[in-house]
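A structural walkthrough
Chain residues, written in single-letter form:
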Amino acid sequence: MGMKVFILSVIMFICLSCPLVFAVQLTTSTTHPAGAFSVTTTTIDSKGTNDDGVDDTWGAAVQSLNFGALKEVSGVDPATGAWVVFLPANNSYFALDCGFSGGGYTSGKSISVSYSTSPGPNGDLLGKRVILTYKYVTGSGKNTTDNTLTGVDSPDLISKPKVISMDQLKDGWLRIYAGIYDGKDTALKSKGATTFGPASPAGDYKGTLTIDLL
């Protein structure tokens with residue numbers, strides 16, 4: 001992250017008389033390069049399984065959220081009976097990591113997440129079919145942990161805007177997972193989430209996700 005750590009002073013006083021007294025004073029400082037706010041988007045292949053990421057494979061960084069041509073997936077849900085939905089190949093989805101390229105937490109800032117539809121014959125049909133899941137990520141490299149963001153409704157429809165305070169992210173960063181709704185989360189269905197099904201219009205679906213630092 002480009003962090004430089006300077007140990008300015010460490011003073012220890014040890015008294016060997018009884019009772020034992022131990023006092024230590026520690027001071028330190030950090031400097032960060034001027035990092036720009038950035039979003040890195042990565043494709044994740046779930047191997048067609050719904051196992052909370054156990055066998056998911058992270059691919060290369062990409063510049064857009066292109067789910068490609070959807071394929072028919074059918075089966076029998078023990079709770080609801082037979083179902084047919086259309087999902088990306090291997091049920092792939094995306095991770096959007098939002099932070100500062102050079103580090104440097106900034107108090108008082110917020111990250112805004114909003115969606116707008118693009119003109120086209122299918123209108124705003126993506127707004128209820130793409131789901132965003134918000135996580136507060138800590139750690140580094142391959143050793144990271146997805147944590148719950150307090151007070152943030154997640155997962156949620158892409159059409160529901162969010163403003164997330166940087167004060168919630170000072171020890172990590174924001175990660176947003178974006179995927180096509182598969183119909184299994186009944187709480188999302190009650191919010192209006194809709195699957196791609198046999199009755200969905202054929203053709204292209206487009207929209208714009210905007211992530212900004214306020």
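Described below are features of the structure shown in this document. (Residues numbered from 1 in each chain as written. Predicted model: local features only at pLDDT ≥ 70, side-chain atom pairs only at ≥ 80, totals over all residues. Heavy atoms only, no water.)

Considering the overall build of the protein chain
Quick reminder of the rule: Only DSSP runs of H or I with at least four residues qualify as helices, and only runs of E with at least two residues qualify as strands; both kinds are numbered from the N terminus onward. Residues are treated as being in contact if the distance between any of their heavy atoms lies within 4.5 Å. To measure how exposed things are, a 1.4 Å probe is used in the Shrake-Rupley method; for residues, cover is taken only from the protein chains shown.
A count of helices and strands for the protein chain gives 1 helix and 14 strands. In the protein chain, of all internal contacts separated by at least 6 residues, the share reaching a separation of at least 24 is 68%. Counting every atom, the protein chain has about 12,800 Å² of accessible surface; 56% of that belongs to carbon and sulfur.

So, the pattern of salt bridges
Opposite charge on two side chains allows them to pair when their charged atoms are near. Put simply, the test is: Here, a salt bridge means any Lys or Arg side-chain nitrogen found within 4 Å of an Asp or Glu carboxyl oxygen. Residue burial is assigned from relative accessible area. The probe radius is 1.4 Å, only protein chains are included, and a residue is buried under 20% of its type maximum, exposed over 50%, and partly exposed in between.
The tally for this structure, following the rule as stated, stands at 5 salt bridges. A salt bridge links Asp97 to Arg175; its shortest N-O distance comes to 2.6 Å. Residue Asp97 is located in strand 7 (residues 93-100), and its partner Arg175 is located in strand 13 (residues 173-180); the two are separated by 78 residues in the primary sequence. On the basis of relative accessible area, Asp97 is assigned to the buried category, the value being 15%. Residue class for Arg175 comes out buried when judged on its relative accessible area of 7%. Here Asp156 ties to Lys191 by a salt bridge, and the two come within 3.4 Å at their closest N and O atoms. Of this pair, Asp156 sits in strand 11 (residues 156-157) while Lys191 sits in the loop between helix 1 (186-190) and strand 14 (207-213), and the two are 35 residues apart along the sequence. In this structure, a network of salt bridges that share partners links the residues Asp153, Asp156, Lys162 and Lys191.

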